[in-house]
Every structure is written in C-alpha cells, then in structure tokens.
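The chain contents come next:
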Amino acid sequence: MTDFDFYNDYSLISGVFDEMKGEDGVRKHYELFMAAFQNINSDEMSIKDELAKKLFLTQGITFTVYSSGEGIEKIFPFDIYPRIIQAAEWEFIESGIKQRLKALNIFLKDVYSHQFIIKDGIIPASLIYSCPNYLREMMNVEVPFNIYTHISGIDLIRDHDGSYYVLEDNLRTPSGVSYMLENRSISYRLFPNQIPENKVRPVSDYPDLLMKNLLALGNRHTSRPTVVLLTPGIYNSAYFEHTTLARLMGIELVEGRDLVVDNHKVYMRTTKGLKRVDVIYRRVDDEFLDPLIFRPDSMLGVPGIYHAYRKGNVAIINAMGNGVADDKAVYAYVPAMIKYYLNEEPILKNVPTLRMENDDERAHALENLHQMVVKRTNESGGYGMLIGNTATEKELKEFAEEIQKSPRQFIAQPIISLSSAPCYIDGKLQPRRVDLRPFALSGPDGVEIVPGGLTRVALKEGSIVVNSSQGGGSKDTWVVD
Amino acid sequence: MLSRVAENIFWMSRYIERTNMQLRILRTYYIASQDGVPFVKWDEVFRYYNQGMPAEKSMSANQVLNFILFDRDNESSVVNNILRARENARSAQDHITKELWQCLNDFYHFIRDKNLQRQLSLGDPVSVLDQLIRQCMLYYGIVDISMFRSEGFNYLNTGKYIERLLQIISSLNMQIVRTNGEIKDSMDIVSWRYFLVSISGYEYYLKSHSGTVNPALIFKQVLYEMHFPHSIAYSISQLNRYAQRLKAESLEESYDKLEFSIGKAAAILKYNSPGSNCEAQLALLQSIESNLFQVVQVFNEYYFGSLVH
C-alpha cells in the first residue's frame, strides 16, 4: 500500500466539475482504475513517472516551440493518470460531433457554391467575406464526394455542471493524433492489464481508418493509388506526428520540394524519375500550399498544385478554404447552421459568443472585460488570448483598445471554468483543468470517430490554458464500457 | 525512393563517417602531442578546421579541440556534423529504422551535454574523444544489425565509402606534404607511425612489414591493399558494389553515368604506378579525388533530384 491516500487527499477545486470525484465520491467509471492505482507503491509510481518521461525523449517524441530562439525541442509533458469517459457519455459526444461536422461540411459546400445560407439571411455576407481564411479560389471547385473536412478535431470542455461545450472546431490541419496513439502505447507499459480489465475501447485503428478514406479518394483507375503525406519539414512543431502517421500508414512522407506539377498532374521526384501522386494528405497550411496562387514567398508548397486540384487530378486533404468554417466569429453561427441545414436541434452546446463588430455586444463585452475570455478570430494555439479575471489592468486596457480598432478580429466569451481531472504531480494526485479533442474522420462511408481522443491538461496550478505551447500537457483518454 | 530521402540518407552516412575519421585523427594527434613530437602544431590544426583562417592568438590543445568538437559557430565542427546527420536522419525517418534514428538522436543529446565539454577543459581529452568514437561505433553496429538491405542501405553505404575515400586521400596528402614522402630523421618515422594509427592501419602494417617504417610501403598499403578496410582500392570496390545494387532501382541513363564515373576512378587507381616519386603520388591522389567528385556530381544530378526528370 502507498503512504499517501490518493483518494482522501484528493481535494476538489470549488465550483469546478471534477471528472473523477463527485459529491458522492468516486464516479463509477473511475472506481476500478482508482482501486488498482491505490495499490501501487509510491516508489514504483515515481519509477513509472520517470519511465514515461524517458520513453518520450529517447523516441524523439518532441515538438518544437515557435519563436524561442533556435527552435527548442521539448517533450509534450505526459501525465500518467488517464482520463476516463463512460460509454454512454461518449455516445452523446459522438452523436454531437457527427451532427456538427455534417452541418459544417454542408456549410463549406454551400459557402463555396450557391451561398444559400447568406441569401437566406442566416449568416451575414460581411462576416464571410471579411474572414481571411475564406478563399475565393475555392468557389465552384468540385471536391471529391463533397467532403471538405476529412480530418477534424473538435475541442470540447465541460462547465461547472458537467455539461459539454464545443470550444473550437479545428477543420484545417488539426494535430495531436499521434499523441493520442503514443499515450496509449505508454499506458500499456505503465499499467499492465489495466486496459483490458477496464474494457478500454482501442484507438489503434485510427491510421487504418484514415488510410481507407485516403485510398477511397484516389480517382485514377488503379487498385492502389499513390498517397503521400505532405509536411512542411523537420522544423515544423508537429513533425514528429507527420513521421509517425506516414510510418503507420506506410506512405511516403514528402516535402514541397519533392513534388512537381507537370501538365496539371502532380508527381514526386524519386531516384527512378517522376512518379504520379493521386492523394495528398497535407499538413501545410492553405496560404503556403501554392506560391502561384497564395503566398508567393512560400517555400513549403508546390507551384501549380492548386490547378491540378481544380482539375481533379489530385485529391488534397483537408480541402482548401476550410478556415472559413472554423473561424472563431463564424463559430457563433454553428448552432444556426445545424438548424438551417439539418433541421435539428444542436446536440452539443456552443459557448455563448459575443461578436465584437456588433455595437451592443461589443459595448457589453468591454464593460465586463474582466469576466470574459477574448480571442482573436484567426489565431489558435492559445496565442493572442486574454483571460479577463487573471489579466492585469494594462493588458485589459490594451485589448480594449485593439478591439475598438479592429472589432472583426475579436470575439468575447464568458469564462468557462473547465472541468478538472486528477493528475499525478509531485507524488500526489492533484486536480488540473482539462479539455478533450476527439478526432473525427469523414469519408465516403460517413463520419468515424475513434473512441477517446487527446485530453489536454493545464499542468500549472490554477491555469485554464491547455495548449502545449503554453505549458500544457496531455493524458491518455479511455472510453470504458 | 524519394530523391530527397536518398540524399538525406547519403549525407547522414557521410557526416558520421567524417566524424568518425576526424575523431580518430584528432585522438592520435593529441596523443602524439603528449608524446612531445615537434610536428604537432595546434595552430595549423585550427587553421585546417577554420577554412584556412589562422587563429587570432595562439591557442592551447584543449582550446583547439573545443573549437573543433563543440563550437556551434564553427561550420565544420563535430557537433554541427552530428546535428546535420541527425537532421538528415530525421528527414528520412520513415526509411531508416527507429533504432538507428534513436541512436543518432542520443548521439546529438550526448554531444550537447555540458558535462562532456567540462570534461574536455578540466579532464582528459582522450576519454572525451573515446566516448564520442564509441557513439560512432554504436551507429555502425546498429546500421549493420537493424537496417533493412533495401535501396536506402545502398545509399547509406555509397555515402560512407565516398566520404571515407575523400578523408583518406586528404589525410595521406597532408602526410606526404609534411614529410616529402621520405624519412629524413627519426621524427619522420614517428610521424608516419602516427599517421598509420590515425587511419587504423598500424597493426596491419606491422603484420606485413614488421621492423621497418617505409613511406613507399605505407603508400602502397593505403592505396592498394584489399584487406585493409581504409585503403582506397578496398573503398572503391565497396563503393562499386553498393552502386551496382542500385541498378534495378535506377533509370538506365543514370546508372550508366554512375557506373562510368566509378569505373574511371577505379581504372585510374589500377593503371597508374607512381612509385616513390612524391609528386607523382600527389598527382595520382588528386586525380582520384577529382574523379570521386565526379561520382558525387552524378549522384546529385541523376539521383538526388537536381536534374531528375
């Protein structure tokens, strides 16, 4: 037995929903694992914690932090205590995400063709056209199977009453899935037998599901189209993920300079000459993809790839121009989209969002700035964000000025407290705030979501920012029957 | 295989081979300096590794070693070579084994460890060099045991032998210039002996020519001895062997060019006999070297993409 009573010494944060412990004690789906965890000797636990860190560093499972000198490689901190979700709750999340993605996908099709949603006055045209990620170049482009959002990561959080909210839709190049896979493979080693005993649903078929979808998009008449993963290169913060996915799917990992376009067809340069490419799973952002169409100074893209795509000679995943659907100001309209396109009530709630270009909403937000989270509509990764209740007077003032100057670039939301989950820190279980990013794959056969996803955790005490670039870490996520 | 990946593997291998040879030369050189032999001049070593530029002020052996091993601002330092080897490996991660990648990743973290630098300035440089050489040996072992014998393995080996040839030629060249290819005094004997040690050839030499140190015999061993793995003849034949294995994966034109350029280097070696004439020896080395650059050029143009069509 351990010298520390993990259960009784685990104290909750007041006003915050805890994933493991409710008012009546440990929640049912945590009981089995908690019992096993209690029985681990504390020395043994420290060894496991060390082992986890070592496994990450020696395997080079690192991410690179932007704008910090020479590009420092860090390990994405891993907390050994898994986050557990019961099956019934998962069914709810799953159906909510499927509904949401269905609507967002129709929205993308619509906004890049007939624009019924604008004509019917559901979304103001100005909002769409002022979005920097809206690509006119995508108007009337025929996209295979009308799928835009092949791979998406939907960020979910829970408020104080435990209800789920969608915080963000990531429909461009969401990352983190390799951590979901690695975290699971480390859990196997840390807690032998616990995964089968808890009947944890597997996540390992993610690469197979993705590959199946990618192959289905190849439109040449070959039994096995050539699929590649396009990476910006080794200096990208998610490079580890790119190599992992390429390895697991058995496809070539290419950089922009490996590809050439000839007569609107895409080829890769091999030692045996050029080889035709049919499907590109790209992890390069839209604006860098084709220097002839987008940023002319881009070294990461492939000149001419846009026209090859338009002609239907190559499939690009995700489609270009998805940024208009995960823009933080457009986010406010997703519930309306669901009603408009699907005639259904949204299953998952949106965080109430104030759009700063509306005078009333802006005035309200500016008055109550210390109770708001302010975000830039076009940024992610926890950058360009203000959390009202922890910000200094100076920061509040600066943000207020910036909002006045360019309101379209900001939204404001009430501060959601974020649920907490137990983390093993300094030999004790301590509550830390978490979110959840399930990864959804849309293919010709519909939307599939691997059970679980990536739980990100704000390891700093009291923090609610979970992004890896801002001191966040991750946990293995178990969906248990 | 992607041209870029082939190039990455080729260069990964070259950087490690270069590192290994340089470490051994430095190790021998340092030991010779402790022996008090007069031909050891650290200022010259510095200049050699500083693109011909002399140091502003005279430097100690440890300072020069620190510059060559750990200085990030020195383009050709060992730490930069390891960094590049690792970056190349990283770009080719899906074509080398995980174990090999981890070995280079470890090597990189190892050489950046501040303790190692402290050990150099305070402790014994030989043990620092030994530890680094051991990392190289680990790399060779892992390549041998874990790398699959596919196309990548052939690029790895062609890179390795090209680099070995260039390093050997440069090293022998300097030794001939230093001694004029002859033995005038006892110091020249010491110098030639250390030269053999630095290219791992002293024991082999003793087996065949015990008791004499004869520059002409050493020259012959380094050029023609097929049982000596650092000889030019052996390395060219290995280069040829791995290049031949690329045939099935090459365009016909590319392979023809490659075969021709390697064949020419082999022919120059075979059908020249410079004897003990120092100038003829240097001319032969230069001729082989420029042909090897030709081989690299063929790889660049026909395999690595600058002209892949």
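Residues numbered from 1 in each chain as written. Chains lettered and ligands numbered in written order. Predicted model: local features only at pLDDT ≥ 70, side-chain atom pairs only at ≥ 80, totals over all residues.

When its secondary structure is counted, chain A shows 14 helices and 25 strands. The 481 residues of chain A split such that 47% are buried. Of the contacts formed within chain A by residues at least 6 apart in sequence, a portion of 70% connects residues at least 24 apart. (Helix = DSSP H or I, 4+ residues; strand = E, 2+ residues; numbered from the N terminus. Buried ≥ 20, exposed ≤ 12 C-beta atoms within 10 Å, placed from the backbone. Contact = placed C-beta atoms within 7 Å.)

It is worth spelling out the domain arrangement of chain A at this point. Residue and element names in this part refer to chain A. Taken as a whole, chain A is organised into domain 1 (21-349 + 416-480) and domain 2 (352-414). Spacing between the C-alpha centres of domain 1 and domain 2 amounts to 26 Å. Here the side of domain 1 that touches domain 2 is built from residues that sort into 7 nonpolar, 4 polar and 2 charged. (Domains from an automatic or database assignment. Nonpolar A, V, L, I, M, F, W, Y, C, P; charged D, E, K, R; others polar.)

In this section: the interface of chain B and chain A. Often, the extent of an interface is quoted as the loss of accessible area upon association of its parts. Contacts between the two partners involve 21 residues from chain B, matched on the other side by 19 residues from chain A. Of the residues forming the side of chain B that touches chain A, the biggest block, 4 residues, is contributed by helix H5 (residues 98-111) of chain B. Here the residues of the side of chain B that touches chain A are counted per class, giving 7 nonpolar, 8 polar and 6 charged.

Residue and element names in this part refer to chain A. One open sheet holds the 3 strands; their spatial order is S10-S11-S12, and the pairing between them is antiparallel. Single-partner strands in this sheet number two, and they are strand S10 (259-262) and strand S12 (273-276). The mean inter-strand angle of the sheet, taken between neighbouring strand axes irrespective of direction, is 45°. With 4 bridges connecting them, strand S11 (residues 265-270) and S12 associate as antiparallel partners. Considered in S12, the bridge of arginine 269 is made with leucine 274. (Pairing = 2+ DSSP bridges. Axes fitted to C-alpha atoms, helices over the stretch in contact; angles between N-to-C directions.)

Bringing the sheet that holds strand S18 (residues 385-387) of chain A into the picture now. Across the sheet, which stays open at both edges, the 4 strands sit in the order S16-S19-S17-S18 (chain A) with antiparallel pairing between neighbours. Since the sheet does not close on itself, it has two edges, and those belong to strand S16 (354-355) and S18 of chain A, each with one partner.

Residues and elements named next belong to chain B. Following the sequence through the fold, arginine 164 ends up in helix H8 (residues 151-179). With 149 residues separating them in the primary sequence, arginine 164 and tyrosine 15 have C-alpha atoms 10 Å apart. In contact with arginine 164, other than residues within four places in its own chain, are Glu17, Met21, His230 and Ser235.

This paragraph deals with the packing of helix H13 (residues 252-270) of chain B against helix H14 (residues 278-303) of chain B. Residue and element names in this part refer to chain B. In the contact formed by H13 and H14, the axes pass within 9 Å of each other and the chain directions differ by 170°. Classified by the angle their axes make, H13 and H14 are roughly antiparallel. Touching Ser254, Lys257, Leu258, Ser261, Ile262, Lys264, Ala265, Ile268 and Leu269 of H13 are Ser287, Ile288, Asn291, Leu292, Gln294, Val295, Val298, Tyr302 and Tyr303, all from H14. Among the residues making up the contact of H13 with H14, the classes are represented as 11 nonpolar, 5 polar and 2 charged. (Parallel < 35°, antiparallel > 145°, perpendicular 65-115°, else oblique.)

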